[in-house]
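What follows is the residue order along each chain.
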Amino acid sequence: DAGITQSPRHKVTETGTPVTLRCHQTENHRYMYWYRQDPGHGLRLIHYSYGVKDTDKGEVSDGYSVSRSKTEDFLLTLESATSSQTSVYFCAISQGVLVGTEAFFGQGTRLTVV
Amino acid sequence: KNEVEQSPQNLTAQEGEFITINCSYSVGISALHWLQQHPGGGIVSLFMLSSGKKKHGRLIATINIQEKHSSLHITASHPRDSAVYICAGGPDKLIFGTGTRLQVFP
């Protein structure tokens, strides 16, 4: 299995609090992605990174920020959590651009905002 | 209309049956991904293909680029195949289907 770990795996937080999710990889892959998964929707891209300190927005980036200070870590921050951000969050990594390269996914983080 | 659509949304089968899950897309793609998600678990990549057919064990994936259609087949299905199967593709970013939930009963 690809070495990709998400933490925490589960979190309950209150509306208005900041939350940070961590994705850690041991594969030295260049690309890292954060997705959210909600009922009735396919996985939707929040942010992605194509190198250290190189990040870009996805289709549902409002209310989220990311940072990548090391190759192995990609952090997703909810600046002020809202109930609409209750979701399952997945991190993914790939060696090249994801459309043409195999993807490896983390186990997911279930976040509940109350 | 979603750019990547799967059918059926739900599928039940008896152990041993041949399973087909379909994926149609309206966008240009570099490659089509098939993924598997077990209940409560993470997501695993099964196949990535841009033409023809690929086989891994009892799983077979095919793609017809001209018709913008891909299929995932499972031969001799088993209860452990019960999972959500997701297809994804896109021109520059992956667009994911909403998944097909498969339940295989003994």
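Residues numbered from 1 in each chain as written. Chains lettered and ligands numbered in written order. Predicted model: local features only at pLDDT ≥ 70, side-chain atom pairs only at ≥ 80, totals over all residues. Heavy atoms only, no water.

Engineer: Just give me the short version of the overall build of chain B, but keep the residues and values in it.
Structural biologist: Scanning chain B from N- to C-terminus turns up zero helices and 11 strands. Ordered by position in the sequence, the α and β elements of chain B form the string β-β-β-β-β-β-β-β-β-β-β. On C-alpha atoms alone, chain B measures out to a radius of gyration of 13 Å, which is about the 13 Å that the 2.2 N^0.38 rule sets for 106 residues. Taken over the C-alpha atoms alone, chain B extends approximately 40 × 25 × 20 Å along its principal axes. Long-range contacts, defined as pairs at least 24 residues apart, comprise 53% of the intrachain contacts of chain B with a sequence gap of at least 6. Accessible surface, chain B as shown: approximately 5100 Å² in total, 49% of it carbon and sulfur. Side-chain charges of chain B comprise 9 positive and 7 negative groups, with the mean position of each set lying 6 Å from the other. (Helix = DSSP H or I, 4+ residues; strand = E, 2+ residues; numbered from the N terminus. Rg over C-alpha atoms; globule rule 2.2 N^0.38 Å. Contact = heavy atoms within 4.5 Å. Areas by Shrake-Rupley, 256 points an atom, 1.4 Å probe, with all protein chains shown as cover. Lys, Arg positive; Asp, Glu negative; His and termini not counted. Charge placed at Lys NZ, Arg CZ, Asp CG, Glu CD.)

Engineer: Any chance you could break down unusual backbone geometry for me, citing the residues and the numbers?
Structural biologist: Glycine aside, residues mostly have negative phi angles, and peptide bonds mostly take the trans form. In this chain, S7 of chain A is followed by P8 of chain A through a cis amide linkage whose omega measures -10°. The residue P8 of chain A is located in the loop between β1 (4-7) and β2 (10-13) in this model. Cis geometry is adopted by the peptide bond preceding P8 of chain B, which originates at S7 of chain B and carries an omega value of -10°. Position of P8 of chain B relative to the elements: it lies in the loop between β1 (4-7) and β2 (10-14). Residue K53 of chain A is not a glycine yet carries a positive backbone phi of 65°. Here K53 of chain A shows up in the loop between β5 (44-51) and β6 (54-57). The class of K53 of chain A is exposed, set by a relative accessible area of 65%. A positive phi is found at K68 of chain B, a non-glycine position, where the angle reads about 55°. On the secondary structure map, K68 of chain B appears in the loop between β7 (59-64) and β8 (69-74). By relative accessible area, which is 32% here, K68 of chain B ends up partly exposed. (Buried < 20%, exposed > 50% of the residue type's maximum accessible area, 1.4 Å probe, protein only.)

Engineer: If you had to explain the packing of aromatic side chains to someone new, which residues and values would you point to?
Structural biologist: All names here are of chain A. All chains considered together, the criterion is met by seven aromatic pairs over all chains. Geometrically, the ring pair formed by Y33 and Y35 is stacked, given 6.2 Å between the ring centres and 25° between the ring planes. For the pair Y33 and Y35, a shared accessibility class is recorded, and that class is buried. Seen from their ring centres, Y64 and Y89 are 6.0 Å apart, and the 65° between their planes marks the pair as edge-to-face. Taken together, the residues Y64 in strand β7 (residues 64-70) and Y89 in strand β9 (residues 87-94) connect sequence positions 25 residues apart. (Phe/Tyr/Trp six-rings, centres within 6.5 Å; stacked < 30°, edge-to-face > 60°.)

Engineer: Give me the lowdown on the layout of surface pockets, citing residues and values where you can.
Structural biologist: In this structure, the largest pocket occupies an estimated 700 Å³ of space. In terms of lining, the largest pocket is formed by 36 residues, of which the most central are Q37 and R110 of chain A together with Q37, V84 and R101 of chain B. Where the lining of the largest pocket is concerned, the elements lending two or more residues are β9 and β11 (109-113) of chain A together with β9 (83-89) and β11 (100-105) of chain B. With four residues, β11 of chain B is the largest single contributor of residues to the lining of the largest pocket. Each residue belonging to the lining of the largest pocket can be placed in one class, and the counts come to 10 nonpolar, 22 polar and four charged. Lining the second largest pocket are 19 residues, with L43, R44 and E59 of chain A together with I95 and F96 of chain B sitting closest to its centre. (1 Å grid on protein atoms, 1.4 Å probe; cavity = no way out; pocket = protein on both sides within 12 Å on 5 of 7 lines; lining within 4 Å. Points joined across faces, edges and corners; volume = space filled by probe spheres on them. Nonpolar A, V, L, I, M, F, W, Y, C, P; charged D, E, K, R; others polar.)

Engineer: Now, about the sheet that holds β1 of chain B: what can you tell me, with residues and values included?
Structural biologist: Residue and element names in this part refer to chain B. The antiparallel open sheet is built from five strands, whose spatial order is β1-β3-β8-β7-β6. Both outer strands of the open sheet, β1 and β6 (52-56), are each paired with one neighbouring strand and no more. For this sheet, the mean inter-axis angle between neighbouring strands, taken without regard to orientation, is 15°. Of the pairings in the sheet, the one linking β7 to β8 comprises six bridges and is antiparallel in character. Directly across from I60, in β8, lies its bridge partner H73. (Pairing = 2+ DSSP bridges. Axes fitted to C-alpha atoms, helices over the stretch in contact; angles between N-to-C directions.)

Coordinates in, geometry out; function isn't part of it.
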